[in-house]
Amino acid sequence: MIEKAFFLYFAFAAVAVSIITVTRRNVMHAVLCMLLLFFHLAGLYLLLNAEFLAAVQIIIYAGAIMVLFLFVIMLLNLREDVKKVQYGRLWFVGVIVVCGILLAMAGAYVFMVPGQRSDWTIGRIVAETHTAAIGQVLYTRYMFPFEVVSLILLVAVIGAIVLAKRQLK
Amino acid sequence: MDIYSLHPLMPEIVLALLGLCILMLELTSMKKEYIALTAMTGTLAALYFLRGSSGVLFDGMYQADGYSNYFKLIFFLNLFLSILISIKYLEVEKSSHGEFYALMVFATIGMMIMASAENMIVLYVGLELMSLSTYVLAGFLRHDSRSTESAVKYLLMGAFSTAILLYGIALSYGSTGTMDFQQIGLYINSHNLSGNPVVLLSLVLIMVSFSFKVAAAPFHMWAPDVYEGAPTPVTAFMSIGPKAAGFAVLGKVLVMVFPSLRSDWTSILIVISVLTMLTGNVMALVQTNIKRMLAYSSIAHAGYLLLGLIPGNYESFAGMMNYLFIYLFMNVGAFAVIISLRSAEFMGDEIRDYAGLAKTHPVMASLMLVFMFALAGIPPTAGFIGKFYIFSELVKSNYIWLTIAGVMFSVVSAFYYLRVVMYMYMRPPEREVVLETTPPLNLALFIAFTMIILIGVLPQAFISHAKNVFFTMYQSLL
């Protein structure tokens, strides 16, 4: 019962906060609302027994990515934008498309038949703790994608240097 | 796990080492030509390991077989030819070499992983590796605002389509409980999920996402701007590589994951392919910039390639793959000519710039003539053979109206390809065009020209070889 109450709070608050995020005129307010959104999502992960994901969500999104956002806003001095028109002329098209997608998703979930369960049941994950479970799967069965991700990170580093360096020889 | 069990993965491993090597070479200030030479030698070495590489690895997540190897051959040739045509371009732009080739190599690894993926997670990381590298490549000329704009547009559209793909994957995982291609297909079949709206939605989302990747209408809007703004060798590289990788995945996913929804995806493909051929060919008619025209032409070619997927049997897939193979040479050839016109003070990417090229540079004009004829699909060039096989497979599967539409659209396409030829041969030269060719560029032109003529004149040898290569895989699949 209490778990359900927490779920309802996190879910509704997440939706409300994201709507506030996209409707703010002041970029700084929008970013701070997004920070709230990240915390609520982390709460949802906690309710799913995924404490590792919750921690990662807070450390990476609320920590690292948010700081980047704030830096960019401060460097660009986006306060000027407050006076400009906030939405383009075709904003209602976006709203219609989003509502359409939302309807399709909601309709599809009515017909959702959950598939087979793997041998990682909730009881087993709780017993072994979520972090240990992810580690075991990641370094055994999903070793190959994990290695490929290291290449992706390398490309990201190269890309950041290529795009940000002042003068390339 | 001993090293021999990784044998099917050797081409990827060699390329990854090559990428790291190139980055190191860039540090030690050697002559820039050596870096390109290393990159090409490494590509050939990886090609050597591709021979006879087959097998299943990592719990069936990765599979090297005839199908993926054929695509990998296309990726290698694409990488090799793109490096050949980049050398001069990078010198003109005074840009850095090492990172450029390294990113191309990493993008190619991503494509190879996509073609070999048998699991949604592997597919996704391969896709990310490829896309991330191509985003950076598109914006490689940082001081050029067009290049930066093209990179930002590509990044936004790419992120958007990847999100759609992930949604599709999540839905199929939710309703089947597995990430493995074959397992999903079997589960959908055995639990009668083919009429389930969630599964259908997942199919639609995955198809929409890859329509973005291969620039099929109505998800093509990003392509012209990105292709025009990106550095010309990158345009050549990404109008073939990511497109071929997208088709490799589409073919595999449709046949392995959603075989029980065949009637659904056939009708979606018919709509998308007709729309793509229409938009690509009609919009190409009014372009004045040749890179932009080739972008629309590449959209139109995506339409013909989608036609090859519609019958869904192994012969039509063979037709699609052969077409990609042929398209590689026609496209690289055309872009090589564009690059040869580029010099420090002359952009050379307007169609007007080609006026009178036949009088001032007859050899280059005749090469461009061959490439344009091939793209339009006029015999005896290879372009005709490619279209012929796709259309004949369509007729065999009784898609008569679709074939007629395809032929009509290729007639329309002849107009804008031949307009370039008309400018070269029938207009007086407007200005003095100085051609700057280098031996590597000439080599690329030579390879493209020879292959187009060779496949055009001796199609039988080529086609039968291509069929043999991946017959085994499709026998087990269909």
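Quick caveat: nothing in here was measured; it's all calculated off a predicted structure.

Considering the overall build of chain B
Piece 1. Regarding its fold elements, chain B presents 19 helices and 2 strands.
Piece 2. Its C-alpha radius of gyration of 21 Å places chain B within 12% of the 23 Å reference for a compact globule of 478 residues.
Piece 3. Dimensions along the principal axes, computed over C-alpha positions, put chain B at roughly 70 × 55 × 45 Å.
Piece 4. Buried positions account for 64% of the 478 residues belonging to chain B.
Piece 5. Long-range pairs, those at least 24 residues apart, make up 81% of the contacts in chain B between residues at least 6 apart in sequence.
Piece 6. Element-wise, carbon and sulfur atoms account for 68% of the exposed surface of chain B, whose accessible area totals about 16,300 Å².
Piece 7. Taking the 24 positively charged and 26 negatively charged side chains of chain B as two groups, their mean positions are separated by 6 Å.

A look at the side chain of B:Lys291
All names here are of chain B.
Piece 1. Inspection of the secondary structure assignment puts Lys 291 in helix 12 (residues 290-309).
Piece 2. Of note is the side chain of Lys 291, whose polar atom sits 3.4 Å from the side chain of Thr 232.
Piece 3. In this structure Lys 291 touches Tyr 227, Glu 228, Ala 230, Pro 231, Thr 232, Thr 235, Phe 335, Ile 338 and Asp 349, once residues within four positions along its chain are discounted.

Section: the interface of chain A and chain B
Piece 1. Counting from both sides, the interface comprises 32 residues of chain A and, opposite them, 43 residues of chain B.
Piece 2. Across the chain A/chain B interface, buried area totals approximately 3,300 Å², and carbon plus sulfur atoms make up 76% of it.
Piece 3. At the boundary of chain A with chain B, the tally comes to 0 salt bridges.
Piece 4. On inspection of chain A and its partner chain B, the count reaches 1 residue pair in polar contact (both at pLDDT 80 or more).

Some thoughts on a nonpolar patch on the surface
Piece 1. A contiguous nonpolar patch, built from A:Tyr87, A:Leu90, A:Trp91, A:Phe92, A:Val93, A:Val95, A:Ile96, A:Val97 and A:Ile101 and spanning about 900 Å² of accessible area, is present on the exposed surface.
Piece 2. Looking at the element boundaries, A:Leu90 is found in the loop between helix 3 (51-76) and helix 4 (91-110).

Section: the packing of aromatic side chains
All names here are of chain B.
Piece 1. Scanning the entire structure with this criterion turns up 24 aromatic pairs over all chains.
Piece 2. Seen in terms of ring centroids, Phe 212 and Phe 219 are 5.1 Å apart; in terms of plane orientation they differ by 45°. Their pairing is tilted. Accessibility classification places Phe 212 together with Phe 219 in one group, the buried group.
Piece 3. Ring-pair connections join several aromatic residues into one group, and the members of that group are Tyr 135, Tyr 154, Trp 222 and Tyr 227.

As for the packing of helix 11 (residues 262-284) of chain B against helix 17 (residues 400-426) of chain B
Residues and elements named next belong to chain B.
Piece 1. The geometry of helix 11 relative to helix 17 is characterised by a closest axis approach of 9 Å and an angle of 20° between their N-to-C directions. The angle between the axes of helix 11 and helix 17 places the two elements in the roughly parallel class. Every pair of crossing elements has a handedness; the one defined by helix 11 and helix 17 is left-handed. On helix 17, the residues touching Ile 270, Val 274, Met 277, Leu 278, Gly 280, Asn 281 and Ala 284 of helix 11 are Leu 402, Gly 406, Phe 409, Val 412, Ser 413, Tyr 416 and Arg 419.

With respect to the environment of B:Val395
All names here are of chain B.
Piece 1. Relative to the assigned elements, Val 395 resides in helix 16 (residues 382-396).
Piece 2. Note: C-alpha distance between Val 395 and Pro 311 (84 residues apart in sequence) is 9.6 Å.
Piece 3. In contact with Val 395, other than residues within four places in its own chain, are Ile 400 and Thr 403.

Some thoughts on the nonpolar core
Piece 1. Ranked by size, the top nonpolar core spans 200 residues in total, and within it B:Phe71, B:Tyr101, B:Phe258 and B:Met372 carry the most contacts.
Piece 2. In terms of residue count, the dominant contributor to this core is helix 13 (residues 314-341) of chain B (19 residues).
Piece 3. In contact with B:Met372, not counting residues within four places along its chain, are B:Met293, B:Leu294, B:Ala334, B:Tyr417, B:Val420 and B:Val421.
Piece 4. Core analysis: the next-biggest nonpolar cluster, separate from the first, contains 6 residues, A:Met34, A:Ala62, A:Met66 and A:Ile73 among them.

Observations concerning the packing of helix 6 (residues 145-176) of chain B against helix 7 (residues 181-190) of chain B
Residue and element names in this part refer to chain B.
Piece 1. It is at 10 Å that the axes of helix 6 and helix 7 come closest, and there the two elements cross at 55°. Classified by the interaxial angle, the pair formed by helix 6 and helix 7 is oblique. For the pair helix 6 and helix 7, the crossing hand works out as left-handed. Side by side, helix 6 and helix 7 meet where Ser 172, Ser 175 and Thr 176 of the first sit next to Ile 184, Tyr 187 and Ile 188 of the second.

What to know about unusual backbone geometry
Piece 1. In the segment running from B:Ala217 into B:Pro218, the intervening peptide bond is cis, with an omega of 0°.
Piece 2. Take B:Pro218: it is sitting in the loop between helix 8 (197-213) and helix 9 (222-229).
Piece 3. The residue after B:Pro379, namely B:Pro380, is reached through a cis peptide bond having omega 5°.
Piece 4. With respect to the secondary-structure elements, B:Pro380 resides in the loop between helix 15 (362-376) and helix 16.
Piece 5. Positive phi is not limited to glycine here, since A:Thr129 has a value of about 65°.

What about the domain arrangement of chain A?
All names here are of chain A.
Piece 1. When its domains are assigned, chain A resolves into domain 1 (1-85) and domain 2 (125-169).
Piece 2. Computed over C-alpha atoms, the centres of domain 1 and domain 2 are 24 Å apart.
Piece 3. If you look at the interface, domain 1 gives 5 residues, while domain 2 gives 5 residues.
Piece 4. The junction of domain 1 with domain 2 conceals about 420 Å² of combined surface from both sides, 69% of it contributed by carbon and sulfur atoms.

Analysis parameters
Residues numbered from 1 in each chain as written. Chains lettered and ligands numbered in written order. Predicted model: local features only at pLDDT ≥ 70, side-chain atom pairs only at ≥ 80, totals over all residues. Heavy atoms only, no water. Helix = DSSP H or I, 4+ residues; strand = E, 2+ residues; numbered from the N terminus. Rg over C-alpha atoms; globule rule 2.2 N^0.38 Å. Buried < 20%, exposed > 50% of the residue type's maximum accessible area, 1.4 Å probe, protein only. Contact = heavy atoms within 4.5 Å. Areas by Shrake-Rupley, 256 points an atom, 1.4 Å probe, with all protein chains shown as cover. Lys, Arg positive; Asp, Glu negative; His and termini not counted. Charge placed at Lys NZ, Arg CZ, Asp CG, Glu CD. Polar contact = N/O pair within 3.5 Å; in protein donor to acceptor, adjacent residues only side chain to side chain. Buried area = accessible area lost by both parts, 1.4 Å probe. Salt bridge = Lys/Arg side-chain N within 4 Å of Asp/Glu carboxyl O. Patch = residues over 30% accessible without salt bridge, like charges linked within 9 Å, V, L, I, M, F, W, Y side chains within 5 Å. Phe/Tyr/Trp six-rings, centres within 6.5 Å; stacked < 30°, edge-to-face > 60°. Axes fitted to C-alpha atoms, helices over the stretch in contact; angles between N-to-C directions. Parallel < 35°, antiparallel > 145°, perpendicular 65-115°, else oblique. Left-handed = near helix turned anticlockwise from the far one by under 90°. Core = buried A, V, L, I, M, F, W, Y, C linked by side-chain atoms within 4.5 Å. Domains from an automatic or database assignment.

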